[in-house]
Amino acid sequence: MNVTAVLLAAGQGTRMKSALPKVLHPLAGKPMLWHVLQAMQHVSNDKPMVVVGHGADQVEAFVGDSARCVLQNPQLGTGHAVMQVAPHLNGKTDYVLVTYADMPLLQGEVFQQLVERQKKNPGPLTLLTVIAEDSRGFGRIVRKPDGTVGAIVEEFVASPEQLQIKELNVGAYCFSADWLWEALERIEMSPKGEYYLTDTIELAVNEGLPVQALVHEDLLETIGINTRVHLAEAEAAMRQRLNRELMLAGVTLQDPAATYIDAGVKIGRDTRILPNTHIEGNTVISEGCVIGPGSHIRDSQVGYGCKVFMSIMEGALLEEEVEIGPFARLRRGAHLARGVHMGNFGEVKESHLGQGVKMGHFSYIGNATIGANTNIGAGTITCNYDGEQKHPTEIGEQVFIGSDTMLVAPLKIGKGARTGAGSVVTKDVPEDSLAVGMPARVIRKLRKRDSS
Ligand code: UD1
Ligand code: CA
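It should be emphasised that the depicted structure is a prediction, and the values quoted were computed from it without experimental measurement.

Caption draft 1: Structural view of the overall build of the protein. Helix and strand content of the protein: nine helices and 42 strands. For a compact globule of 452 residues, the expected C-alpha radius of gyration is about 22 Å, and the protein comes in at 30 Å, more than 25% above that figure. A burial count over the protein gives 52% of its 452 residues as buried. Summing over all exposed atoms, the protein offers an accessible surface of approximately 20,600 Å²; the carbon and sulfur share of this is 50%. If the 43 positive side-chain charges of the protein are averaged to one point and the 51 negative ones to another, these points end up 10 Å apart.

Caption draft 2: Representation of the packing of aromatic side chains in the model. Tallied over the full model, the rule gives five aromatic pairs. Ring geometry for Phe327 and Phe345: centres 5.2 Å apart, planes at 15°, overall stacked. Linking Phe327 in the loop between β24 (323–324) and β25 (329–330) with Phe345 in the loop between β27 (341–344) and β28 (347–349), this pair joins segments that are 18 residues apart in sequence. Through a chain of ring-to-ring contacts, the aromatic side chains of Tyr100, Tyr173 and Phe175 assemble into a single cluster. Positioned over the ring face of Phe156 is Lys192, at 4.1 Å from the centre of the ring. Looking at Arg418, its charged tip hangs above the ring of Phe400, at a distance of 4.7 Å from the centre.

Caption draft 3: Focus on the coordination of the calcium ion (ligand 2). Ligation of the calcium ion (ligand 2) by protein atoms is provided by Asp102 (OD) and Asn226 (OD1), these donors lying 2.2 to 2.5 Å from the ion. Taken together, the residues Asp102 in the loop between β6 (95–100) and α5 (108–120) and Asn226 in the loop between β11 (211–216) and α9 (228–248) connect sequence positions 124 residues apart. Each member of the pair, Asp102 as well as Asn226, is classed as buried.

Caption draft 4: Summary view of α9. The first and last C-alpha atoms of α9 sit 30 Å apart over 21 residues, in line with the 30 Å expected at 1.5 Å per residue. Regarding α9, the residues found buried are His230, Leu231, Ala234, Ala237, Met238, Arg239, Arg241, Leu242, Asn243 and Leu246. For α9, the elements touching its buried residues are β2 (26–27), α1 (32–40), β12 (252–253), β13 (259–261) and β14 (266–267). Where α9 begins, the capping side chain belongs to Thr227, and its oxygen is found 3.2 Å from the backbone nitrogen of Val229.

Caption draft 5: Spatial organisation of the sheet that holds strand β35 (residues 393–395). Ordered in space as β14-β17-β20-β23-β26-β29-β32-β35-β38, the nine strands form an open sheet in which the pairing is parallel. Edge positions in the sheet fall to β14 and β38 (411–413), since each of these pairs with one other strand and no more. Here β35 pairs with β38 via three bridges, running parallel. Bridge assignment links Ile395 to a residue of β38, and that residue is Ile413.

Caption draft 6: The arrangement of unusual backbone geometry in detail. Of note, the bond from Ala409 into Pro410 is cis; its omega dihedral lies within 30 degrees of zero at 0°. Here the amide bond leading from Met438 into Pro439 is cis, since omega sits at -10°, within 30 degrees of zero. Note that Pro439 resides in the loop between β41 (433–437) and β42 (440–445). Located in the positive-phi region is Asp270, a residue other than glycine, with phi close to 60°. Mapped onto the secondary structure, Asp270 falls in the loop between β14 and β15 (272–273).

Caption draft 7: A look at helix α7 (residues 177–184). Counting buried residues in α7 gives six out of eight residues, a clear majority hidden from the surface. Restricting attention to buried positions, one finds in α7 the residues Ala177, Trp179, Leu180, Trp181, Ala183 and Leu184. Residues of α7 that are buried make contact with α3 (78–83), α4 (86–89), β6, β7 (125–131), β10 (167–176) and α8 (199–206).

Caption draft 8: Structural view of the nonpolar core. Formed by 72 residues in total, the largest nonpolar core has its most connected members in Leu97 and Tyr173. Excluding anything up to four places from it in sequence, Leu97 contacts Val3, Thr4, Ala5, Val6, Met40, Val43, Phe111, Leu114, Val115, Tyr173 and Cys174. With 45 residues, the next largest nonpolar core counts Val251, Met342, Met359 and Ile376 among its residues.

Caption draft 9: Focus on the sheet that holds β41. Strand order in the open sheet made by the 12 strands is β12-β15-β18-β21-β24-β27-β30-β33-β36-β39-β41-β42, with mixed pairing throughout. Lying at the two open borders of the sheet, with one neighbouring strand each, are β12 and β42. Here two bridges tie strand β36 (residues 400–401) to strand β39 (residues 418–419), and the two strands are oriented parallel to one another. Residue pairing for β39: Phe400 is matched across the bridge by Arg418.

Caption draft 10: Just the pattern of salt bridges, in detail. Summed over all chains, the structure comprises 15 salt bridges. A salt bridge links Glu182 to Arg186, with the shortest nitrogen-to-oxygen separation between them at 2.9 Å. Judged by relative accessible area, Arg186 falls into the partly exposed class, the value being 31%. One network of salt bridges, with partners in common, ties together Glu182, Arg186 and Glu207.

What counts and how
Residues numbered from 1 in each chain as written. Chains lettered and ligands numbered in written order. Predicted model: local features only at pLDDT ≥ 70, side-chain atom pairs only at ≥ 80, totals over all residues. Heavy atoms only, no water. Helix = DSSP H or I, 4+ residues; strand = E, 2+ residues; numbered from the N terminus. Rg over C-alpha atoms; globule rule 2.2 N^0.38 Å. Buried < 20%, exposed > 50% of the residue type's maximum accessible area, 1.4 Å probe, protein only. Areas by Shrake-Rupley, 256 points an atom, 1.4 Å probe, with all protein chains shown as cover. Lys, Arg positive; Asp, Glu negative; His and termini not counted. Charge placed at Lys NZ, Arg CZ, Asp CG, Glu CD. Phe/Tyr/Trp six-rings, centres within 6.5 Å; stacked < 30°, edge-to-face > 60°. Lys NZ or Arg CZ within 6 Å of the ring centre and 35° of its normal. Donors = N, O, S within 2.8 Å, 3.2 Å for Na, K, Ca; no water. Expected span 1.5 Å × (residues − 1). Contact = heavy atoms within 4.5 Å. Polar contact = N/O pair within 3.5 Å; in protein donor to acceptor, adjacent residues only side chain to side chain. Pairing = 2+ DSSP bridges. Core = buried A, V, L, I, M, F, W, Y, C linked by side-chain atoms within 4.5 Å. Salt bridge = Lys/Arg side-chain N within 4 Å of Asp/Glu carboxyl O.

Keep in mind these values describe shape, not function.
Encoded structure:
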């Protein structure tokens, strides 16, 4: 039996008061729609169908080839949205799982349960409900005396008695496909000029066919997003879920409520994340690290046993046992090899720092390669930009760059060389030589590479 998921994502999201389509608003760093598409992977191998309308170009660009998009224009309600997929799916699938893309906390398991329940239902549909004190504007479920569902009544048309009903329509339905296509044609236009998917329930009931409900126990999963207040509630719930998964997998979060880790980030066991730390995008952190407090890491990789103390990383790579911070900033293409130490107020961009390099204080390194065990003195600057172009700096192994050296690129500093404090180096310095002054001149050959 074939199941196809249909996600409704065409609505304007008026209540968000946003230029961005509602379903693209991020939750734990990923658009709402991403979370729903993730959950759908548990349901079926068929590519889901996404009904797009408002902001269709943006939504389609995000969806790419992860799903098939169908345009709904104009947007005349949730029933009308499902009508748009009928020509594409009619005769091609046995069950249709419909859900709203503004319900991003629902997980794969519950959708699976919904499908399983419908497979056993002699009637044409099963829907997901929840019992909650706060109605959040959801439709009310009216049960018949035999316990099956009689109708869904939208809040704005409900009677005072119906408003008291605590069982709510979550917005996920599994339909027997053949019945659905035919029923959609019978939905009547509402006084507002819309076609409601929820009216299919009454159509089934009027035919004497049983409508089943699966009552969901987890209130947090049923948070729907209509306003930015809901968005913040969903964000908190999603982060709580992701943080919990990390902790159960062996990551210490000293204060989970003050730890912001995006969906999709990977962190190894025995790593400790200290408060006010943000870890975002495509980041992978290995085992045994200490990250934070107060660090911000995006699209980066951190090897075993690193310490990232009050620092910022974006598009950077740390090998094992690297220590950075406080107040280090690693930008795109910064690659620090094993055992590098980078102290306060340093910035590294598009550069490779070899094993054991020390760069303790106030330096800028850009477009450079630095050999193993080299020492970068306080205040060293690679002057990599001449106003038009970036130029490279190559520094060999075991070099000692004196404090406040200006390295005017392009430039090569040979293995074992030294520069004097305050020198402005404009020409290459040969191996094992000492250069000083402004502009720097080589004044003598050094005797022994390791001498200090
Ligand atoms: C809907 C349900 C309500 C349920 C609630 C829970 C209907 C009539 N009402 O109300 O019973 O309790 O969800 O989540 O279904 N959309 C389209 N095309 C349209 C209109 C909407 O694709 O023409 C999409 C929206 O992008 C959204 C979803 O359908 O993702 C739901 O629409 P929304 O307007 O948020 O419905 P609710 O008022 O929340
Ligand atoms: Ca909604």
